[in-house]
Amino acid sequence: MAATDIARQVGEGCRTVPLAGHVGFDSLPDQLVNKSVSQGFCFNILCVGETGLGKSTLMDTLFNTKFEGEPATHTQPGVQLRSNTYDLQESNVGLKLTIVSTVGFGDQINKEDSYKPIVEFIDAQFEAYLQEELKIRRVLHAYHDSRIHACLYFIAPTGHSLKSLDLVTMKKLDSKVNIIPIIAKSDAISKSELTKFKIKITSELVSNGVQIYQFPTDDESVAEINGTMNAHLPFAVIGSTEELKIGNKMMKARQYPWGTVQVENEAHCDFVKLREMLIRVNMEDLREQTHSRHYELYRRCKLEEMGFQDTDPDSKPFSLQETYEAKRNEFLGELQKKEEEMRQMFVQRVKEKEAELKEAEKELHEKFDRLKKLHQDEKKKLEDKKKSLDDEVNAFKQRKTAAELLQSQGSQAGGSQTLKRDKEKKNLGFL
Ligand SMILES: Nc1nc2c(ncn2[C@@H]2O[C@H](COP(=O)(O)OP(=O)(O)OP(=O)(O)O)[C@@H](O)[C@H]2O)c(=O)[nH]1
Ligand SMILES: [Mg+2]
């Protein structure tokens, strides 16, 4: 059968055929569920908030367990991120949960760069996934996906307004991660103040163009609950792992000298709303949004940065291979240009060095000539001196011979004449 015939059959003219009996492909969704359950799931939460705002306590309360983690000091020189992964099991569903928490956030005098380590961390997880995706032999099903699915942004319960650090950080993160803002330690704020605080926060987020995560309303089954919950954002939460007996039930609560706050009481705080929205209703949507929106954006920017395009300047489709070849040619051209430049530079250097050496040789010759002349002058002077000394020696020898002659004559003439000889010696310069 020709290829065009096949296309016609599966395309517009595709017939609906009634089945005569049960075939079994209605079990496909079950197969999918079984496969997913056996593979397990992963969910990664990032908690961003100032030191001591109750991040660890809230995570412990949410997952009903005690995760390890030391409280941070307020003396950190910069912001860091601490990541821990846990394997959790509920019924027959396994969940690989990663909790990443900021350490030292908001503790520095200069908070200008506080958002950077967080952005870098999120990007690093995207980059790791992209690298895995680009591998020739990729094993994405076994890959531990560390991309952040939800960012719980802890707002201090000031009852006033958002701090500039909060606005700047959320603005930098909103295109990279699903931000769910929460008012931490909301037991510190009165009911009427809380209502005003929520309105203030929402209006500040809108006026600064910060996009927070909206629970999806396109799926009918959850549209109503999600729509209602969107209106409750930011959730005001309280965390506690302490269980107190209230009535005849043990409940998570915080006890104060004046009374008790129940974490799971919706009249006291929005903890239950957060748990429902984050875990029970929208966990899959958060994972999905991370992949289809935030990761997709990162991937697109990264590939464009690397020079890949889907279309050429005339809007014609441009395949990956064409892009690769164009890039390769561009690279080879640049390499050749660089090589030529280096060759030219090398020739120029050699010429300069040659000129330098010639100059040095000339200087050496001049120095040699000067020294030679100096040496000749010196030699001449010494020869003159030697000659005058030779003359002196000769004159001395002559005088000596004359004196010896006189002496021998004197000894013959007798001692009377000694005086006279002495006188003559003196005249000759011997006495
Ligand atoms: N009043 C009140 N106190 C809370 C709440 N949640 C936690 N705390 C207390 O706040 C203190 C700090 O809580 P942590 O959970 O360690 O805070 P953290 O944000 O993890 O702190 P670091 O990891 O050190 O940045 C502890 O004493 C908690 O008991 C809350 O909702 N309300
Ligand atoms: Mg902590």
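Under the annotation held in an unreviewed UniProt entry, the protein carries the name Septin and is attributed to Lynx canadensis. Word for word, the UniProt comment on the protein under Function (unreviewed entry) is "Filament-forming cytoskeletal GTPase." Per UniProt, the protein carries the Subunit (unreviewed entry) text "Septins polymerize into heterooligomeric protein complexes that form filaments."

Here we come to the overall build of the protein. Helix and strand counts for the protein stand at eleven helices and nine strands. Its C-alpha radius of gyration of 49 Å places the protein more than 25% over the 22 Å reference for a compact globule of 431 residues. By its C-alpha atoms, the protein is 170 × 85 × 45 Å across when sized along the principal axes. Counting all 431 residues of the protein, 31% fall into the buried class.

We now examine the pairing of strand 9 (residues 259-262). Bridge analysis of strand 8 (residues 249-256) against strand 9 gives four bridges, and the strand direction is antiparallel. Paired with Gln-255 across the two strands is Thr-260, which belongs to strand 9.

Moving on, we come to the layout of surface pockets. Picture a little ball the size of a water molecule; that probe, rolled over the atoms, points out where space is still empty. A volume near 780 Å³ is recorded for the largest pocket. Around the largest pocket, the lining is made up of 26 residues, and of these Gln-39, Gly-40, Cys-42, His-141 and Arg-287 lie nearest the centre. For the lining of the largest pocket, the secondary-structure elements that each account for two or more residues are helix 2 (28-39), strand 1 (41-48), strand 2 (80-90), strand 3 (93-103) and helix 9 (283-305). Of the residues that constitute the lining of the largest pocket, the class distribution is nine nonpolar, nine polar and eight charged. What lines the second largest pocket is a set of 19 residues, and nearest its centre among them are Phe-63, Glu-90, Leu-95, Ile-279 and Met-283. Within the residue set of the lining of the second largest pocket, elements represented by two or more residues are strand 1, helix 3 (55-63), strand 2, strand 3, helix 8 (271-281) and helix 9. The leading source of residues in the lining of the second largest pocket is helix 8, at five residues. Looking at the lining of the second largest pocket residue by residue, the classes come out as ten nonpolar, three polar and six charged.

Turning our attention to the site of ligand 1. Every one of the 15 residues lining ligand 1 counts as a neighbour, but Lys-55, Ser-56, Thr-57, Ala-72 and Asp-187 are closest to it. Between Gly-52 and ligand 1, the recorded distance is 3.1 Å, taken from a backbone N or O atom to an oxygen atom. In this structure, an oxygen atom belonging to ligand 1 sits 2.9 Å away from a side-chain N or O atom of Lys-55. Protein contacts shield 76% of the accessible area of ligand 1, which totals 650 Å² for the unbound molecule. Every element with two or more residues in the shell around ligand 1 is listed here: helix 3 and strand 8. For the shell around ligand 1, the element with the highest residue contribution is helix 3, accounting for three residues. A breakdown of the residues in the shell around ligand 1 according to their chemical character gives five nonpolar, six polar and four charged.

Quick look at the side chain of Gln-76 now. When you line up the elements, Gln-76 lands in the loop between helix 3 and strand 2. Excluding anything up to four places from it in sequence, Gln-76 contacts Val-103, Gly-104 and Gln-108.

On to the domain arrangement of the protein. Along its sequence, the protein is organised into domain 1 (34-304) and domain 2 (321-387). Inter-centroid distance (C-alpha atoms) of domain 1 to domain 2 is 67 Å.

Attention now moves to the sheet that holds strand 1. Reading across the sheet, the six strands line up as 2-3-1-4-5-6 and stay open at both edges, with mixed pairing between neighbours. Across the chains shown, the open sheet's two edge strands, defined by having one partner strand only, are strand 2 and strand 6 (235-236). Relative to strand 3, strand 1 runs parallel, the two being bridged by seven bridges. For Cys-42, the partnering residue across the bridge sits in strand 3 and is Lys-96.

Following the criterion strictly, the structure yields 23 salt bridges and no others. Between Lys-163 and Glu-50 there is a salt bridge, with its nearest N and O atoms 2.8 Å apart. Taken together, the positions of Lys-163 in the loop between strand 4 (150-155) and helix 5 (164-173) and Glu-50 in the loop between strand 1 and helix 3 put the pair 113 residues apart, joining distant regions of the chain. In this structure, Glu-340 and Arg-343 form a salt bridge, with 3.3 Å as the shortest nitrogen-oxygen distance. Of the two residues, Glu-340 and Arg-343 are both situated in helix 10 (residues 320-413); the distance of three residues between them amounts to about one turn of the helix. Residue classification places Arg-343 among the partly exposed positions, given a relative accessible area of 47%. One continuous salt-bridge network, built from bridges that share partners, spans Lys-198, Glu-266, Asp-270 and Lys-273.

As a further point, take the sheet that holds strand 7 (residues 243-246). Pairing within the open sheet is antiparallel, and its three strands lie in the order 7-8-9. Only two strands of the sheet have a single neighbouring strand rather than two, namely strand 7 and strand 9. Ignoring strand direction, the axes of neighbouring strands in this sheet form an average angle of 65°. Of the pairings in the sheet, the one linking strand 7 to strand 8 comprises four bridges and is antiparallel in character. Pairing of Leu-244 across the sheet is with Met-251, part of strand 8.

Reading the values: the criteria
Residues numbered from 1 in each chain as written. Chains lettered and ligands numbered in written order. Predicted model: local features only at pLDDT ≥ 70, side-chain atom pairs only at ≥ 80, totals over all residues. Heavy atoms only, no water. UniProt positions renumbered as here; feature names shortened; annotations may be inferred. Helix = DSSP H or I, 4+ residues; strand = E, 2+ residues; numbered from the N terminus. Rg over C-alpha atoms; globule rule 2.2 N^0.38 Å. Buried < 20%, exposed > 50% of the residue type's maximum accessible area, 1.4 Å probe, protein only. Pairing = 2+ DSSP bridges. 1 Å grid on protein atoms, 1.4 Å probe; cavity = no way out; pocket = protein on both sides within 12 Å on 5 of 7 lines; lining within 4 Å. Points joined across faces, edges and corners; volume = space filled by probe spheres on them. Nonpolar A, V, L, I, M, F, W, Y, C, P; charged D, E, K, R; others polar. Near = heavy atom within 4 Å. Polar contact = N/O pair within 3.5 Å; in protein donor to acceptor, adjacent residues only side chain to side chain. Areas by Shrake-Rupley, 256 points an atom, 1.4 Å probe, with all protein chains shown as cover. Contact = heavy atoms within 4.5 Å. Domains from an automatic or database assignment. Salt bridge = Lys/Arg side-chain N within 4 Å of Asp/Glu carboxyl O. Axes fitted to C-alpha atoms, helices over the stretch in contact; angles between N-to-C directions.

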